[in-house]
Amino acid sequence: MRTPFVAGNWKMNKTISETRELVTALTLKLKEIGGVEKVLCPPFISLAAAAALLEGSGIGLGAQNMHWEEKGAYTGEVAPAMVKELCGYVILGHSERRAYFSESDEIVNRKLHAAQKVNLTPIVCVGETLEQYESNQTREVVSRQTSQGLKGVTSEFAPQIVVAYEPVWAIGTGKASTGEAANVVVRDFIRPAIAELYGQQTAQAIRVLYGGSVTGANAEEFFSQPDIDGALVGGASLKVDDFYAITKAAAR
Ligand code: 13P
């Protein structure tokens, strides 16, 4: 049995003081919901403030990115051990990082290995662009991102990885995929690529999330699918009632 998983990717939203407000409100609302792993991912600069407020709340904290090197002359970057002091999770290879910051599968894979080194739970994002979707390349793109991005970690660490299937055309557009279509991608492309790397048992143990215009209204459609274990939520994670509704749906 895979424990349901819901993470909020705040992206580049909320100042430190706004983070305090939102985390406080979310903590109060979410504490009654059990049986689901809950994670908030605010910007780096707010992680310390969020960590202090989340202590003992049962809600985890994640970073949205990190560098792969341990330390050194990388101006503006944040190292794995720095993230680890505050967080249990890290989002890797989000499509916005791939599109705007040239993150390749190879870079994502280096970051995954860095996460293994400090024992951070990685949330690895995969997903095809609109152009790739329209030219029927979903299988090829998602399989490649999964096998290249996830390769080479130990068989002990692999089951800890969380994968998020986020079709780029569904992100921030209000045009979510359907539960059925997303389930096909997870069942037929993502889990088989994982099975090729780590075997069937690990492929069945890894949580795979859906992301892309998830709301309180459509969450249930995705969570009722057998291969989808939760959601990586963008816009709706900034709204207390929406994120509560999504988390509640995942717990069912
Ligand atoms: P939206 O939920 O805003 O579409 O964003 C999804 C996403 O990119 C989460 O990582």
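Before reading further, recall that the structure is shown in the block above.
Residues numbered from 1 in each chain as written. Predicted model: local features only at pLDDT ≥ 70, side-chain atom pairs only at ≥ 80, totals over all residues. Heavy atoms only, no water.

Draft legend 1. Fine view of the sheet that holds strand E5 (residues 121-126). Around the barrel, which closes on itself, the 8 strands sit in the order E1-E2-E3-E4-E5-E6-E7-E8 with parallel pairing between neighbours. Geometrically, the sheet is characterised by an average inter-axis angle of 25 degrees between neighbouring strands, direction not taken into account. Along the sheet face, helix H7 (residues 138-150) touches E5 and strand E6 (162-165) and points at about 155 degrees away from the line of E5. (Pairing = 2+ DSSP bridges. Helix = DSSP H or I, 4+ residues; strand = E, 2+ residues; numbered from the N terminus. Axes fitted to C-alpha atoms, helices over the stretch in contact; angles between N-to-C directions. Contact = heavy atoms within 4.5 Å.)

Draft legend 2. Broad picture of the pairing of strand E8 (residues 230-233). Side chains of E8 alternate between two faces, with Gly 230 and Leu 232 and Ala 231 and Val 233 buried alike. The sheet contact formed by strand E1 (residues 5-9) and E8 spans 4 bridges and is parallel. Within the sheet, the bridge partner assigned to Phe 5 lies in E8 and is Gly 230. For strand E7 (residues 207-211) and E8, the ladder comprises 2 bridges, and the chain directions are parallel. In the sheet register, Tyr 210 faces E8, and the bridge partner there is Ala 231. (Buried < 20%, exposed > 50% of the residue type's maximum accessible area, 1.4 Å probe, protein only.)

Draft legend 3. View of the packing of aromatic side chains. Counted under the stated rule, the structure contains 4 aromatic pairs. A centroid spacing of 5.7 Å and a plane angle of 70 degrees characterise the contact between Phe 5 and Tyr 89, whose relative ring orientation is edge-to-face. Of this pair, Phe 5 sits in strand E1 while Tyr 89 sits in strand E4 (residues 89-92), and the two are 84 residues apart along the sequence. On the accessibility criterion, Phe 5 (0% relative accessible area) is buried. Relative accessible area serves as the criterion here: at 12%, Tyr 89 is assigned to the buried category. Between the aromatic rings of Tyr 210 and Phe 222, the centroid separation amounts to 4.1 Å while the plane-to-plane angle is 5 degrees, which identifies the pairing as stacked. (Phe/Tyr/Trp six-rings, centres within 6.5 Å; stacked < 30°, edge-to-face > 60°.)

Draft legend 4. Structural detail: the packing of helix H1 (residues 16-30) against helix H2 (residues 47-54). Between H1 and H2, whose axes approach to 9 Å, the crossing angle comes to 25 degrees. Judged by the inter-axis angle, H1 sits roughly parallel to H2. Judged by the sense of rotation from one axis to the other, the crossing of H1 with H2 is right-handed. Along the contact surface, H1 presents Ile 16, Thr 19, Arg 20, Val 23, Thr 24 and Thr 27, while H2 presents Ala 49, Ala 50, Leu 53 and Leu 54. (Parallel < 35°, antiparallel > 145°, perpendicular 65-115°, else oblique. Left-handed = near helix turned anticlockwise from the far one by under 90°.)

Draft legend 5. Unusual backbone geometry, seen in detail. The phi dihedral of Lys 11 falls on the positive side, at around 55 degrees, and the residue is not glycine. By the element assignment, Lys 11 lies in the loop between E1 and H1. In this structure, Asn 119 takes a positive phi of about 55 degrees despite not being glycine. You can see Asn 119 is positioned in the loop between helix H5 (105-118) and E5. A relative accessible area of 41% places Asn 119 in the partly exposed class.

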